[in-house]
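# Summary of structural features
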Amino acid sequence: MAATKIPLIKPVISDEVKRMVADVLDSGYLTEGPQTRAFEQSVAAFVGAPHALAVTSCTTGLELALRCLGIGPGDEVVVPDYTYPATAAVVNIVGATAVVADVDPRTLLVDYDALNAAVTERTRAAIPVSLFGNPLDWDRLGRIKERHGLFMVEDAACALGSSYKGRMTGSLADITVFSHHPRKFITTGEGGTVTTARADWAEWMHSYKHFGMAPAASREGTHFERVGTNYKLSNVLAAIGLAQMRDVHGLLAGRRALAARYAELLAGVPGVALPETTPGGEHSVQTFCVLVEDRDRIMAELRGQGIEAQIGTYSLHMHRAYAENPLCRLGEDLRGSREAFTRSLALPLFNGMRPGEQNRVVEALAALVA
Ligand SMILES: *Cc1c(COP(=O)(O)O)cnc(C)c1O
């Protein structure tokens, strides 16, 4: 008999999630509403941010952040080469130029010296990425921000629950954006959350995602102050996330325990290295990545054995959308990113994963790298 499959991820869909979604469906209130508000409040409280706005995805949230900061044509925004392409796409979507910097293949995060060197007089912001849940070094980013007067918009798609020197991701950047795609820690099916400490920015973003409406307090009937769009997160989707947020500490502890056990089991396996966590940081382990040689063969073999391994993420410069793009300026040396892309392998990790399943992944991997 073939061994059962081990999936890469498994969203947490408890009975409570089903009950809370059913309650919303029964209520008939399906657009943004009380569940969305409660979800926003739970994320704000968890990360220690004064303001949180639920949106349709991390991608639309990043776009919202750049628009709020007035970034547009003629401006430059620095992004890392090794990331999900949405990080750079949003820069182009608002009409600005994406300047692509190399990453450190040991941490898989942006190379801070390369980020610093990529800044010109046109640079208005950077979008550093806390990739896979590895927190960014905010001491270093803070110095770059001060030196050049940049906005820092964190693509924290993967990093809900991570922290740097005791401060949670979501309270560190000027604006932070999380994803709630099913691959991410807390999911709403599709969705995102934007956090900031600035009340004026929160108000602007709230208006923009509600068609440009004026704040409720100041309106006699609905008044449109600006041209805006619709990035509202439905009550139905928010209820999924809200049910998960009720146990967010337990779910995070569970992921970290699985990651610690993987690290222990893999410690004695030659040919398998682990990326380094930022010193002073606590990883949220949205993805458990290992670094191997001959990644594609190993990934194919694992999949052949029913173990759903996956690449880490993408290197922008290897894709036409970014390599042949007048609104994209690639750094000259992107070897760190290429190394990160070539060697990264994401292993299955999900809440409820059993020790026997982890053993099977590690034994299969150890045999393949030998
Ligand atoms: C998943 C991911 C995104 C996209 O998030 P969506 O919510 O699907 O838009 C962006 N950036 C990074 C680094 C991601 O991992």
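Residues numbered from 1 in each chain as written. Predicted model: local features only at pLDDT ≥ 70, side-chain atom pairs only at ≥ 80, totals over all residues. Heavy atoms only, no water.

### Concerning the side chain of Q244
Heads up, the condition is: Segments assigned H or I by DSSP are reported as helices when at least four residues long, segments assigned E as strands when at least two residues long, and all are numbered from the N terminus. In what follows, residue pairs with any heavy atoms lying within 4.5 Å of each other are defined as contacts.
Note that Q244 resides in helix α8 (residues 235–245). Apart from the residues within four sequence positions on either side, Q244 is in contact with V12, I13, V17, F185, I186, T187 and L251.

### Here we look at the environment of W201
In this structure, W201 sits in helix α7 (residues 199–209). Each C-alpha atom of the pair W201 and D174 lies 9.8 Å from the other, and the pair is 27 residues apart in sequence. Ignoring sequence-local partners within four residues, the contact set of W201 consists of C68, L69, F151, D174, I175 and T196.

### Looking at unusual backbone geometry
One non-glycine residue with positive phi stands out, namely F132, at about 65 degrees. Looking at where F132 falls in the secondary structure, it is placed in the loop between β6 (123–126) and α6 (138–148). Positive phi outside glycine occurs at F211, with the angle close to 65 degrees.

### A short note on the site of the ligand
We count it as follows: For each residue, the test is whether any non-hydrogen atom lies within 4 Å of the molecule or strand; if one does, the residue is near. In the analysis that follows, any N or O atom pair within 3.5 Å is treated as a polar contact, provided that within protein one partner can donate a hydrogen and the other can accept it, and provided that, for residues neighboring in sequence, both atoms belong to side chains. Areas reported here follow the Shrake-Rupley algorithm with a probe of radius 1.4 Å; residue values treat only the protein chains shown as occluding. For this classification, the nonpolar set comprises Ala, Val, Leu, Ile, Met, Phe, Trp, Tyr, Cys and Pro, the charged set comprises Asp, Glu, Lys and Arg, and every other residue, Gly included, is treated as polar.
In the vicinity of the ligand lie 14 residues, with C58, T59, D155, S179 and K184 positioned nearest. The contact in question runs from an oxygen atom of the ligand to an N or O atom on the side chain of T59, over 2.6 Å. K184 places a side-chain nitrogen or oxygen 3.0 Å from an oxygen atom of the ligand. Burial of the ligand by the protein chains amounts to 89% of its free accessible area of 380 Å². Mapped onto the shell around the ligand, the elements with two or more residues apiece are α3 (58–68) and α4 (86–93). Broken down by class, the residue content of the shell around the ligand amounts to six nonpolar, six polar and two charged.

### Some details on empty space enclosed by the protein
For the record, the criterion: Cavities and pockets are defined on a 1 Å grid built over the protein atoms alone: a cavity is a set of grid points where a 1.4 Å probe fits but cannot escape, while a pocket is an open set with protein on both sides within 12 Å along at least five of seven lines, and lining residues are those with an atom within 4 Å of any such point. Grid points are joined across faces, edges and corners, and a volume is the space filled by probe spheres set on the points.
Going through the model one piece at a time under the given rule, you end up with three cavities of 30 Å³ or more. Size it by volume and the largest cavity reaches roughly 100 Å³. K10, P11, K184, F185 and R255 are, among the 13 residues lining the largest cavity, the residues nearest its centre. In terms of residue class, the lining of the largest cavity is made up of seven nonpolar, two polar and four charged. Estimated volume of the second largest cavity: approximately 40 Å³. In this structure, the second largest cavity is lined by L8, I9, R183, Q286, T287, F288, A346, L347 and L349. The class makeup of the residues in the lining of the second largest cavity is six nonpolar, two polar and one charged.

### Comments concerning the pairing of β6
Spelled out, the test is: Should DSSP find at least two bridges between two strands, the strands are regarded as paired.
Bridge analysis of strand β2 (residues 76–80) against β6 gives three bridges, and the strand direction is parallel. Directly across from V77, in β6, lies its bridge partner A125. Relative to strand β7 (residues 151–155), β6 runs parallel, the two sharing two bridges. Bridged to A125 within β7 is F151.

### Things to note about the nonpolar core
Filter applied, for reference: Side-chain atoms within 4.5 Å link the members of a nonpolar core, which is a set of buried Ala, Val, Leu, Ile, Met, Phe, Trp, Tyr and Cys residues. Partly exposed describes any residue whose relative accessible area lies between the buried limit of under 20% and the exposed limit of over 50%, with all areas from a 1.4 Å probe on protein chains only and scaled to the type maximum.
Ranked by internal contacts, the top residues of the largest apolar core, which has 58 residues, are L266, L302, L345 and L347. Sorting elements by how many residues they give to this core places helix α13 (residues 355–369) first, with five residues. By size, the runner-up hydrophobic cluster in this structure holds 36 residues, among which are A88, V91, C158 and C328.

These figures come from the coordinates and say nothing about function on their own.
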